[in-house]
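One letter stands for each residue in the lines below.
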Amino acid sequence: MAAFLSAVPGFGEKIGEPPALPRIAVLNPVDLAMEGEGPRLWGDLVRRNLAQSGKWEVIPVDSVVEKYRAYGLEPDNLCREFQCAYDAGTVIGSSFVLFGTVTALQEFYTYTLNLVHLPTVQTVWSRVGEVVRRREGNPAQGVQTVLGDLVGQLDPMELSLESKGKRGLMTVIDLNPASVYSRVMAERTTTHLYGSREFNVMTQQELNELLLAMEIDRTALPNSDESILNLGRKADVSHMVASRLTLDNQMYRLQMQFFDVTEGKKLRDWPSPATSDFQKILQFEKKFFAGLFKNQDDIWQPAKERPGKTRWWPTVVSGMLVTAGAVMGYLAYDAHKGGEAEYQAFLSAQSRETAVHHRAQVEGLDRKRNWLGLSGGASAGLGLALFVF
């Protein structure tokens, strides 16, 4: 059935009447596993919660179908990218268009949502997430609740509609063989970039058409920085995110990389730990983007390794342990020298009592030397290990 839903007149105001609600178009979320339109319930759920919030005016599906057919367009065409969402809003006559995906993977659902503002030609709100399936009753109850809450709280008065300057043209290169997992990763990555509002984003359809014209197989690209940068230059983009997901012996690994094509350098490289839980891979991907644009002064410098938190205490404790080890090493050496002196005195003793005394001193100093030597070595070794790791 129809993939589209729109809203009615917006922002007009008459004296004595409340201002008209902003108009919005909702496109039924796409199921990336089926590569087709997801269950109608997702679209109906979004529409219902938007209407119940009282902040939007939503037009019925039948009216949108009629509008599309009046323009000679097919209302069932799928849409999960900015350009087709913008085109849909233009045909329908809405100021906002909401589109996204909902896909079932293993034991959970993953979703993306994007809100396009047509007057400023930009995405002004985005969400990415995953929800565990319920084991009893309706397995989709959890994701239905999350989606309903998200759009129910979506307030047009809280949206930032100011046009932001862009750093350039960005695209996402999915280096994985075609699968539902690769489509999910590419969709989520693109949604993160829309949400940042830092770049104009080349859609996956545009990139695919470009790769086809250049006869380039993305999955056959060498695993090197230069091959990614060369592809970015051919695509004429300023920046690129490369995503490579591998599965070996039931263990997933994800490598996320961020390139400045114009400057010819890699700005961020995060390889994930191996895991059998794909949901952890998605959490890793969200963490990659969570800090990508927060501290921009740091981001626009080459960062070849995964960033970590700066901790002062390991350095201090490490120094204390190494110092303690050195002190105990000196005391062990002093005990050793004392033991040698007592041993010589033992050898030259003239009476039994004197010999017994010096022998006891030798044994005591030997025990002290051994204890200090072992403790000092352990302390210094632990300090060095803490400093290195």
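For the structure, check the block above.
This one's a predicted model, so the numbers in the text were calculated from it and none came from an experiment. (Residues numbered from 1 in each chain as written. Predicted model: local features only at pLDDT ≥ 70, side-chain atom pairs only at ≥ 80, totals over all residues. Heavy atoms only, no water.)

Novice: Just give me the short version of the overall build of the protein, but keep the residues and values in it.
Specialist: When its secondary structure is counted, the protein shows eleven helices and 13 strands. In the protein, the proportion of contacts linking residues at least 24 apart, taken out of those at least 6 apart, comes to 65%. (Helix = DSSP H or I, 4+ residues; strand = E, 2+ residues; numbered from the N terminus. Contact = heavy atoms within 4.5 Å.)

Novice: Could you give an account of the sheet that holds strand β9 (residues 169–174), naming the residues involved and the relevant values?
Specialist: Strand order across the open sheet formed by five strands is β10-β9-β11-β12-β13, with mixed pairing between neighbours. In the strand order of this sheet, the two ends are held by β10 (200–201) and β13 (265–271), each with one partner. In the sheet, strand β11 (residues 239–248) pairs with strand β12 (residues 251–260) via ten bridges, with the strands oriented antiparallel. Following the sheet pairing, Met240 is matched in β12 by Phe259. Sheet strands touched by helix α7 (residues 225–235): β9, β11, β12 and β13. Its angle to β12, the strand with the most contacts, is close to 55 degrees. Docked against the sheet, helix α8 (residues 278–290) engages β11, β12 and β13, running at close to 15 degrees with respect to β12. (Pairing = 2+ DSSP bridges. Axes fitted to C-alpha atoms, helices over the stretch in contact; angles between N-to-C directions.)

Novice: Pulling in residues and values, what's your account of the side chain of Asp155?
Specialist: Along the polypeptide, Asp155 turns up in the loop between α4 (141–152) and β9. Buried and without a salt bridge, Asp155 has Lys55 as its closest oppositely charged side chain, separated by 4.2 Å. Setting aside residues up to four positions removed in sequence, Asp155 forms contacts with Lys55 and Trp56. (Buried < 20%, exposed > 50% of the residue type's maximum accessible area, 1.4 Å probe, protein only. Lys, Arg positive; Asp, Glu negative; His and termini not counted. Salt bridge = Lys/Arg side-chain N within 4 Å of Asp/Glu carboxyl O.)

Novice: Give a detailed account of the nonpolar core, specifying residues and quantitative values.
Specialist: With 42 residues, the main nonpolar core has Phe258 and Phe278 as its most contacted residues. At six residues, the largest contribution of residues to this core is made by α8. Residue contacts for Phe278: discarding those within four places in its chain leaves Leu105, Gln106, Phe108, Tyr181, Met185, Leu245 and Tyr252. The next biggest cluster of nonpolar side chains, apart from the first, holds 24 residues, and it includes Trp42, Leu45, Ala140 and Leu159. (Core = buried A, V, L, I, M, F, W, Y, C linked by side-chain atoms within 4.5 Å.)

Novice: Can you tell me about the packing of aromatic side chains, naming the residues and giving the values?
Specialist: Under the definition given, this model contains eleven aromatic pairs. Ring centres of Tyr181 and Tyr252 lie 6.0 Å apart, and the angle between their planes is 50 degrees; on these two criteria the pair is classed as tilted. One end of the pair, Tyr181, is in helix α5 (residues 180–196); the other, Tyr252, is in strand β12, and 71 residues separate them in sequence. Among the residues examined, Tyr181 registers a relative accessible area of 22% and is labelled partly exposed. (Phe/Tyr/Trp six-rings, centres within 6.5 Å; stacked < 30°, edge-to-face > 60°.)

Novice: Go over the pattern of salt bridges, please, and point to the residues and values.
Specialist: Under the defined criterion, the tally for this structure stands at nine salt bridges. A salt bridge links Arg47 to Asp44, with the nearest nitrogen and oxygen atoms 2.9 Å apart. Taken together, the residues span about one helical turn, with Arg47 and Asp44 both in helix α1 (residues 40–53) at a distance of three residues. The exposure class assigned to Arg47 is buried, which follows from its relative accessible area of 6%. Classification of Asp44 as partly exposed rests on a relative accessible area of 28%. Between Asp269 and Lys266 there is a salt bridge, with its nearest N and O atoms 2.9 Å apart. On the basis of relative accessible area, Lys266 is assigned to the buried category, the value being 7%. Bridged by salt links that share partners, the residues Glu130, Arg188, Glu285 and Lys286 form one connected network.

Novice: Just give me the short version of the side chain of Asn49, but keep the residues and values in it.
Specialist: Tracing the backbone shows Asn49 in helix α1. By relative accessible area, which is 16% here, Asn49 ends up buried. Of the polar contacts made by the side chain of Asn49, one reaches the backbone oxygen of Leu45; its length is 2.8 Å. Residues within four places of Asn49 in sequence aside, it is in contact with Gly148, Val151 and Gly152. (Polar contact = N/O pair within 3.5 Å; in protein donor to acceptor, adjacent residues only side chain to side chain.)

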